[in-house]
Amino acid sequence: MLDERNPFLMNICQRPPVVMTRGAGSYLWDHNGRRYLDFVQGWAVNALGHAPEELVRAVTAQSALLLTPSPAFHNAPQLELAQRLVAASGLATAHFACTGAEANEAAVKLARKWARLNRPGAFEVVTTWNAFHGRTFAMMAASGKPAWDALFPPLPAGFRRVPYGDAEAVAAAVDAQTAAIMVEPVQGEGGVVVPAADYLQRLRRVADAAGVLLILDEVQTGMGRTGALFAHQHHGVLPDILTLGKGLGAGVPISAVLASRQASVFAPGDQGGTYNGNPLATAVALEVLRVIERPEFLRNVSERGQELEGILRALGARFGAREVRGRGLLYAMEFAEDVAEGVRDAALELGLLLNAPRPNTLRLMPSLRVTSEELAELRALLSRALERVLRQRAPRGAA
Ligand SMILES: Cc1ncc(COP(=O)(O)O)c(C=O)c1O
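Considering the sheet that holds strand E15 (residues 361–364)
Link 1 in the chain: With antiparallel pairing, 4 strands are arranged side by side in an open sheet as E11-E12-E15-E14. Each edge of the open sheet is held by one strand with a lone partner, namely strand E11 (323–327) and strand E14 (355–358). Across the sheet, the mean angle separating the axes of adjacent strands is 25° when strand polarity is ignored.
Link 2 in the chain: Judged from the 5 bridges that link them, E11 and strand E12 (residues 330–334) form a sheet pairing that is antiparallel. Counterpart to Arg327 in the pairing with E12 is Leu330.
Link 3 in the chain: Contacts from helix H10 (residues 295–319) reach E11, E12 and E15, with the element oriented near 5° to E12.

Some remarks on the pairing of strand E5 (residues 124–128)
Link 1 in the chain: Across the 5 residues that make up E5, a large majority, 5, are buried.
Link 2 in the chain: Across 3 bridges, the pairing between E5 and strand E7 (residues 178–183) is parallel. Bridging from a neighbouring strand, Val125 pairs with Ala180 of E7.
Link 3 in the chain: Where E5 lies against strand E6 (residues 159–162), 4 bridges are found, and the strand directions are parallel. Residue pairing in the sheet places Thr127 in a bridge with Arg161 of E6.

Details of a nonpolar patch on the surface
Link 1 in the chain: On the surface, Phe137, Leu151 and Phe152 cluster together to form a nonpolar patch covering roughly 310 Å² of accessible area.
Link 2 in the chain: Mapping Leu151 onto the fold places it in the loop between helix H6 (146–149) and E6.
Link 3 in the chain: Overall, the relative accessible area of 45% leaves Leu151 in the partly exposed class.

A word on the packing of aromatic side chains
Link 1 in the chain: Counted by the stated rule, this structure contains 4 aromatic pairs.
Link 2 in the chain: Between Tyr27 and Trp29 the ring centres are 6.4 Å apart and the planes differ by 50°, which places this aromatic pair in the tilted class.
Link 3 in the chain: The buried category is assigned to Trp29, whose relative accessible area is 16%.
Link 4 in the chain: Seen from the ring of Trp29, Arg22 lies directly overhead, with NZ or CZ sitting 4.0 Å from the centre.
Link 5 in the chain: Sitting over the face of the ring of Tyr27, Arg35 holds its NZ or CZ atom 3.8 Å from the ring centroid.

So, the environment of Met365
Link 1 in the chain: Positionally, Met365 belongs in the loop between E15 and helix H12 (372–398).
Link 2 in the chain: Each C-alpha atom, one on Met365 and one on Asn11, is 26 Å from the other, the two residues being 354 residues apart in sequence.
Link 3 in the chain: Discounting chain neighbours no more than four positions away, the residues touching Met365 are Phe39, Val40, Gln41, Trp43, Ala44, Gln220, Arg225, Leu329, Leu330 and Asn355.

Some points on the packing of helix H2 (residues 53–65) against helix H9 (residues 279–292)
Link 1 in the chain: Relative orientation of the contacting elements H2 and H9 amounts to 150°, with a least axis distance of 9 Å. Looking at the two axes, H2 sits roughly antiparallel to H9. As H2 runs across H9, the sense of the crossing is right-handed. Contacts between H2 and H9 involve Glu54, Leu55, Ala58, Val59, Gln62 and Ser63 from the former and Pro279, Leu280, Ala283, Val284, Glu287, Val288 and Val291 from the latter.

Details of the sheet that holds strand E8 (residues 213–217)
By definition, the strands of a sheet pair up through backbone hydrogen bonds, in either a parallel or an antiparallel sense.
Link 1 in the chain: Spatial ordering of the open sheet is given by E4-E10-E9-E8-E7-E5-E6, a layout of 7 strands whose pairing is mixed. In the strand order of this sheet, the two ends are held by strand E4 (93–97) and E6, each with one partner. Between one strand axis and the next, the sheet turns through 20° on average, direction left out of account.
Link 2 in the chain: Sheet strands in contact with helix H3 (residues 76–89) are E4, strand E9 (241–244) and strand E10 (255–259), and its direction is about 125° off that of E4.
Link 3 in the chain: Seen against the sheet, helix H8 (residues 199–210) touches E5, E7 and E8 and runs at an angle of roughly 175° to E7.

Concerning the pairing of E15
Link 1 in the chain: Side chains Thr361 and Arg363 project from E15 onto one buried face, and the interleaved Leu362 and Leu364 project onto a second face that is buried too.
Link 2 in the chain: Pairing of E12 with E15, which is carried by 4 bridges, proceeds in the antiparallel orientation. Across the sheet, the residue bridging to Ala332 is Arg363, located in E15.
Link 3 in the chain: Bridge analysis of E14 against E15 gives 2 bridges, and the strand direction is antiparallel.

Procedures and definitions
- Along every chain, residues carry numbers that run from 1 in the direction the sequence is written.
- A pLDDT threshold of at least 70 governs which residues receive local features in this predicted model, and a stricter bar of 80 or more applies before side-chain atom pairs are shown or counted, although totals over entire chains, interfaces and linings include all residues.
- Hydrogens are left out, water is left out, and the side-chain values use all remaining heavy atoms of the structure.
- When DSSP finds two or more bridges between two strands, those strands count as paired.
- For helices the rule is a DSSP run of H or I covering at least 4 residues; for strands it is a run of E covering at least 2, with both sets numbered from the N terminus onward.
- Interaxial angle, 0 to 180 degrees, is taken between N-to-C directions of lines fitted to C-alpha atoms, where a helix line uses only the stretch in contact.
- Every residue pair with non-hydrogen atoms within 4.5 Å of one another is taken to be in contact.
- Relative accessible area decides the class of each residue, using a 1.4 Å probe on protein chains only: under 20% of the type maximum gives buried, over 50% gives exposed, and in between gives partly exposed.
- Residues forming no salt bridge and having over 30% relative accessible area are the ones grouped into patches, like charges within 9 Å of each other and nonpolar side chains (Val, Leu, Ile, Met, Phe, Trp, Tyr) within 5 Å.
- Areas reported as accessible are Shrake-Rupley estimates using a 1.4 Å probe. Residue values count occlusion only from the protein chains shown.
- One side-chain nitrogen of Lys or Arg within 4 Å of one carboxyl oxygen of Asp or Glu is enough to make a salt bridge.
- We call Phe, Tyr and Trp rings a pair once their centres come within 6.5 Å, taking the six-membered ring for Trp, and we label the pair stacked below 30 degrees between planes, edge-to-face above 60, and tilted otherwise.
- We count a charge as sitting over a ring when the NZ of a lysine or the CZ of an arginine lies within 6 Å of the ring centre and within 35 degrees of the ring normal.
- Any angle that is under 35 degrees is reported as roughly parallel, and any over 145 degrees as roughly antiparallel; angles of 65 to 115 degrees are reported as roughly perpendicular and all others as oblique.
- Each crossing gets its hand from how the near helix is turned against the far one by less than a right angle, where anticlockwise is left-handed and clockwise is right-handed.

So yeah, pure geometry; function would need other evidence.
Below, the structure written as structure tokens:
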């Protein structure tokens, strides 16, 4: 029997005592051959589900051709991916990295350099409490998780946090030292916090009025997750800098920072990284983009998203959830009590994978190709998991 801890792995998280060995579409299998319906999908990474045949083909073909020539040479998939992402986003240039945190670091470097050239004395980035921008030192400082401030002090300076969803708080925090405002269109790790519909438009106006940059972190919300290629496209707002990750490689590590012409200020020597723009990852991302840009693909996200919302609202009403919220295929169910981890564990026993980003909040982020049949299976399994946990709790309250 596997232990939750392995003596050879650093102890950074508690994992269930199984080894995941294989995936296909919305399903994962463990070393015992047990099948799970996967509504975690690598933390909103596997936009096309597990082992999609397009990506198997892309990885196989590209790895037989060229894995990496060095980032100091051009390669064909990188050139085409940059061109297609620029066209899709309305921005001007792209730079590729491997993780969301790295893309966000690059975005902040761009903003600081832009400020050095255009807004002398400015360097600070206004971010939001409860945000998640990654785990490098600077991104820990950018993310508004109070517990992180004490983990590995000191964190880099240069970030000012304000409450999420409050455009006036952002406006009040912007001053002569501000280079940029950086937010997620929906806070993902924070528990799928959806701001008011005009939040991004208001932030755009604040940025324009103050003459600072607007950075949108779409590492989680980008690449179709909310039913549009990029979540900000629901609001008709164009950022100056956009970061992507997770779904961009749909399981293969790649991230991107895209910038407007005026924010494209990197010069040789400013930024780098051994694997940036490597042909294996960029060939995969190109294939992902081709699939996601098909109109029927995003239609499925919106339609299945509505079904998912309906299921969660019905279950939420039955089991006394405090709130169901989300967009596209990124949803959360919040309870008044801290039951989420219990429900997640009960679901695992039943063969359903869920995530609990907060003690009272479940998060669901299925493959963007999830089907109505799989959603019906989710409904049945989640209902049983909720029943197990909430019924166990009921006698205590009812006694
Ligand atoms: C919005 C957002 N930004 C950045 C990150 C960090 O990405 P990575 O873990 O690839 O560094 C995440 C990861 O969950 C995220 O959700």
